[in-house]
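Topology and contacts: notes
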Amino acid sequence: MMASAPVFAQDTTASGQTSPAPAQTAPATAADPTQAAQPATDPAATTPAQGQVQATGDQIAQVVDTQFPTYDKDGDGKLNRAEFGQWMVALKSQTDPSTKADAPATRKWIGTAFAQADTDKDKTVSKTELTGFLSQGQG
């Protein structure tokens, strides 16, 4: 399954032009897993939303390194499904504020995303797996 890469938020300047927002001011908005988990046949999956730019693999890795401890509640260096789900809901909520963590569609989406991210099928997602998942589509 092909998927587009996550996107970074942008700020609009006084002149009306957009510029990338620094990752350190809004780390929770750094990646959009909704884009990464959609099939390539969905036009929205291959085109970033207006006002957003594609993130580089290095930017994604930096965000994962920075934010991973926030969501790794038990400190074991891996995300279980619940920890992964909390992070993905937080990221999705940045682009879709109506996202509800307990909604059946959201739970199904998290399950699909977790299965894609857990490449070694050990029922956890490592930093490496998460970075790879969020970097899908980077060329």
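Our structure's up above, just so we're on the same page.
Residues numbered from 1 in each chain as written. Predicted model: local features only at pLDDT ≥ 70, side-chain atom pairs only at ≥ 80, totals over all residues. Heavy atoms only, no water.

**Observations regarding the packing of aromatic side chains**
Within this structure, the stated rule accounts for 4 aromatic pairs. Measuring from centroid to centroid gives 6.2 Å for F68 and W87, while their planes differ by 70°, and the two rings are edge-to-face. You can see F68 sitting in helix 3 (residues 57-71) and its partner W87 sitting in helix 4 (residues 81-95), a full 19 residues away along the chain. When the centroid spacing of 4.9 Å and the interplanar angle of 10° are considered together, the rings of Y71 and W87 count as stacked. With Y71 in helix 3 and W87 in helix 4, the pair connects residues that are 16 residues apart, well separated along the chain. (Phe/Tyr/Trp six-rings, centres within 6.5 Å; stacked < 30°, edge-to-face > 60°. Helix = DSSP H or I, 4+ residues; strand = E, 2+ residues; numbered from the N terminus.)

**Brief notes about the packing of helix 3 against helix 6 (residues 127-134)**
At their nearest, the axes of helix 3 and helix 6 sit 9 Å apart, and the two run at 135° to each other. Classified by the angle between their axes, helix 3 and helix 6 sit oblique to one another. Both helix 3 and helix 6 take part in a crossing whose hand is right-handed. Every residue of helix 6 that contacts helix 3 at I60, A61, V64, D65 and F68 is listed here: K127, L130, T131 and L134. Residue composition of the contact of helix 3 with helix 6, by class: 6 nonpolar, 1 polar and 2 charged. (Axes fitted to C-alpha atoms, helices over the stretch in contact; angles between N-to-C directions. Parallel < 35°, antiparallel > 145°, perpendicular 65-115°, else oblique. Left-handed = near helix turned anticlockwise from the far one by under 90°. Contact = heavy atoms within 4.5 Å. Nonpolar A, V, L, I, M, F, W, Y, C, P; charged D, E, K, R; others polar.)

**Notes on helix 3**
Between its terminal C-alpha atoms helix 3 stretches 20 Å, which fits the 21 Å expected from 15 residues at 1.5 Å a residue. The sharpest bend along helix 3 comes to roughly 30°, located at D65, with the proline P69 sitting one to four residues further on. Burial in helix 3 covers these residues: I60, V63, V64, Q67, F68 and Y71. (Expected span 1.5 Å × (residues − 1). Bend = angle between axes of the 7 residues up to and from the residue. Buried < 20%, exposed > 50% of the residue type's maximum accessible area, 1.4 Å probe, protein only.)

**Some words on the nonpolar core**
Ranked by internal contacts, the top residues of the largest apolar core, which has 20 residues, are L79, F84, W87, M88, V125, L130 and F133. Looking at this core, the elements with two or more residues in it are helix 3, helix 4, helix 5 (104-117) and helix 6. (Core = buried A, V, L, I, M, F, W, Y, C linked by side-chain atoms within 4.5 Å.)

**Digging into the environment of Y71**
Its relative accessible area of 13% is what places Y71 among the buried residues. For the pair Y71 and G85, spaced 14 residues apart in sequence, the C-alpha separation works out to 9.4 Å. In this structure Y71 touches L79, E83, Q86, W87 and A90, once residues within four positions along its chain are discounted.

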